[in-house]
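Each chain is listed here by its residues.
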There are 2 protein chains.
Amino acid sequence: MNICTYSYEEYLHLVKSFHGSMAPGLIIGGFIVDLALKNLPEGDFFDAICETPVCLPDAVQILTPCTIGNGWLTVVNIGRFAVTMYEKFGGEGVRVFLDTNKLEDWPEVRDWYLKRKKKQEQNSELLLSQIREAGHGLLGMQSVRVDPDRIRRKKMGPVGICPDCGEAYPIRDGKQCRDCGGETPYKEVIPLNRVDH
Amino acid sequence: MNICTYSYEEYLHLVKSFHGSMAPGLIIGGFIVDLALKNLPEGDFFDAICETPVCLPDAVQILTPCTIGNGWLTVVNIGRFAVTMYEKFGGEGVRVFLDTNKLEDWPEVRDWYLKRKKKQEQNSELLLSQIREAGHGLLGMQSVRVDPDRIRRKKMGPVGICPDCGEAYPIRDGKQCRDCGGETPYKEVIPLNRVDH
């Protein structure tokens with residue numbers, strides 16, 4: 001059982017290196033992306049949707065050209081464990097999801113996924129071995145159509161200088177940047193001198 | 001001039017491989033993350049904020065343990081070209097941004113960043129060489145404090161089965177999942193039989 005062009009072990013290695021831990025969701029995510037890529041509709045260029053920010057975006061970023069920073073991966077957080085790959089112009093796509101109907105054969109996966117066991121009660125060795133054995137067997141698949149213009153990141157448009165902070169920002173955000181407009185994530189800001197090492 | 005533990009050339013190689021192209025913003029992003037990591041406040045564990053989804057999240061994901069999927073990187077889209085690394089419990093952090101006051105010495109960077117030239121009028125060789133020569137010289141730095149509980153991804157909480165689609169979803173989203181509740185990104189959904197290759 002390979003995951004895209006990687007052996008299972010190679011993929012685990014990439015997961016550990018990129019994500020920092022052998023997250024079960026990211027291993028299932030590897031099978032999800034693999035199954036999606038094997039069932040793409042017609043087309044040359046495909047963008048991705050993750051329906052949750054949890055784990056899955058990293059499977060897409062490891063296994064496809066789509067990343068958050070290049071805008072080809074969009075997280076539409078509707079809380080389901082699913083990835084869609086869609087043709088970037090027309091929007092025809094394939095959606096792969098974890099099928100709850102298929103969980104009964106894999107009780108350790110079921111109890112982990114549906115949070116029926118606390119972390120300390122889980123048998124992580126059994127969980128990982130059931131995930132590996134099940135592979136695509138946990139998954140369902142749908143043909144979908146998305147509206148790429150609605151889903152993809154909007155172009156930034158013209159850039160201005162915020163009169164308050166002096167930084168560049170997209171003029172479409174208004175007369176000042178959104179930070180100075182009240183959406184700041186910071187409780188306190190103090191200028192610093194640069195320390196180069 | 002290194003970028004974190006990589007030589008400049010090694011970093012360019014990683015950018016090309018992960019992001020798909022040698023995006024100028026992602027090269028500046030490398031210097032931003034490098035400067036932030038060299039000026040961290042006290043602490044052992046640091047999470048990241050990107051103030052834009054454009055390019056910068058990939059610099060963070062390439063150069064730090066923080067990714068979208070593991071939740072240690074949060075995109076707070078307030079439209080500025082800045083990265084903050086903050087101590088994950090207390091919220092003390094360092095914010096590094098592209099300082100518009102420093103752009104005059106680097107006219108090709110200025111015209112690209114402020115969108116004063118169309119793409120076909122840009123001299124991309126000159127742009128990349130000015131970025132490389134400028135390095136940290138384009139950047140400003142601030143000490144900031146964030147509220148980690150407000151910024152970090154919330155825990156998912158208990159999981160239920162959506163009565164409409166039959167998929168698992170976070171119960172906090174309501175009596176059905178957000179897709180079935182009307183937030184679907186799909187215009188059409190058709191079940192598919194699995195095709196394994």
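Since the model is a prediction, treat every value here as computed from it, not as a measurement.

1. Here we look at the relation of the copies chain A and chain B
Superposition record for chain A on chain B: RMSD 0.0 Å, screw rotation 180°, translation along axis 0.0 Å. The transformation relating the two chain copies, once decomposed into turn and shift, fits a two-fold axis. Residue Ile68 of chain A, judged by its C-alpha, is the member of chain A lying nearest the rotation axis, at 4.0 Å. A shared binding surface is used by both copies, with 100% of the interface residues of chain A retained as interface residues in chain B.

2. Digging into the sheet that holds strand E5 (residues 82–87) of chain A
The six strands are arranged E4(A)-E3(A)-E5(A)-E6(A)-E7(A)-E10(B) in an open sheet whose pairing can be described as mixed. Every interior strand has two partners, whereas the edge strands, strand E4 (73–75) of chain A together with strand E10 (186–191) of chain B, have only one. For this sheet the average axis-to-axis angle between neighbouring strands, irrespective of direction, equals 25°. Pairing of strand E3 (residues 46–50) of chain A with E5 of chain A involves five bridges; the strand directions are antiparallel.

3. Points about the domain arrangement of chain A
Segmentation of chain A into domains returns domain 1 (2–151) and domain 2 (157–197). On a C-alpha basis, the centroid separation for the pair domain 1 of chain A and domain 2 of chain A is 35 Å.

4. Things to note about the interface of chain A and chain B
A common way to state how big an interface is: give the accessible area lost once the parts meet. Across the boundary between the two partners, chain A contributes 67 residues, which contact 67 residues of chain B. For the side of chain A that touches chain B, the secondary structure elements donating two or more residues are helix H1 (8–19), helix H3 (56–63), strand E7 (139–146), strand E8 (159–161), strand E9 (168–170), helix H7 (179–183) and strand E10 (186–191) of chain A. Tallied by class, the residues present in the side of chain A that touches chain B amount to 36 nonpolar, 15 polar and 16 charged. Alignment of E10 of chain A against strand E7 (residues 139–146) of chain B, held across five bridges, turns out to be antiparallel. Within E7 of chain B, the residue paired with Pro191 of chain A across the bridge is Gln142 of chain B.

5. Some remarks on the pairing of strand E3 (residues 46–50) of chain B
All names here are of chain B. By the criterion of burial, E3 is predominantly enclosed, with five of the five residues buried. Neither face of E3 is open: one carries Phe46, Ala48 and Cys50, the other Asp47 and Ile49, and all of them are buried. Two strands pair when backbone bridges link them, and E3 and strand E4 (residues 73–75) are joined in this way by three bridges, in the parallel orientation. Counterpart to Ile49 in the pairing with E4 is Thr74. The parallel pair E3 and E4, bridged by helix H3 (residues 56–63), forms a crossover whose chirality is right-handed.

6. A short note on helix H5 (residues 124–134) of chain A
Residue and element names in this part refer to chain A. For H5, the complete set of buried residues consists of Leu127, Gln130 and Ile131. With its buried residues spanning 100° around the axis, H5 presents them on a single face. On the buried face of H5, the contacting elements are helix H2 (24–37) and helix H4 (107–113).

7. Side note on the sheet that holds E7 of chain B
The strand order across the open sheet formed by six strands is E10(A)-E7(B)-E6(B)-E5(B)-E3(B)-E4(B), and the pairing between neighbours is mixed. A single partner strand is all that each edge strand has here, and the edge strands are E10 of chain A together with E4 of chain B. Averaged over all adjacent pairs, the angle separating strand axes in this sheet is 25°, with direction ignored. Here seven bridges tie strand E6 (residues 92–98) of chain B to E7 of chain B, and the two strands are oriented antiparallel to one another. In the sheet register, Leu98 of chain B faces E7 of chain B, and the bridge partner there is Leu139 of chain B.

Cut-offs and rules
- Residues numbered from 1 in each chain as written.
- Chains lettered and ligands numbered in written order.
- Predicted model: local features only at pLDDT ≥ 70, side-chain atom pairs only at ≥ 80, totals over all residues.
- Least-squares fit on C-alpha atoms with pLDDT ≥ 70 in both.
- Contact = placed C-beta atoms within 7 Å.
- Pairing = 2+ DSSP bridges.
- Helix = DSSP H or I, 4+ residues; strand = E, 2+ residues; numbered from the N terminus.
- Axes fitted to C-alpha atoms, helices over the stretch in contact; angles between N-to-C directions.
- Domains from an automatic or database assignment.
- Nonpolar A, V, L, I, M, F, W, Y, C, P; charged D, E, K, R; others polar.
- Buried ≥ 20, exposed ≤ 12 C-beta atoms within 10 Å, placed from the backbone.
- Right-handed = clockwise from strand over helix to strand, strands pointing away.
- Arc of directions from axis to C-beta.

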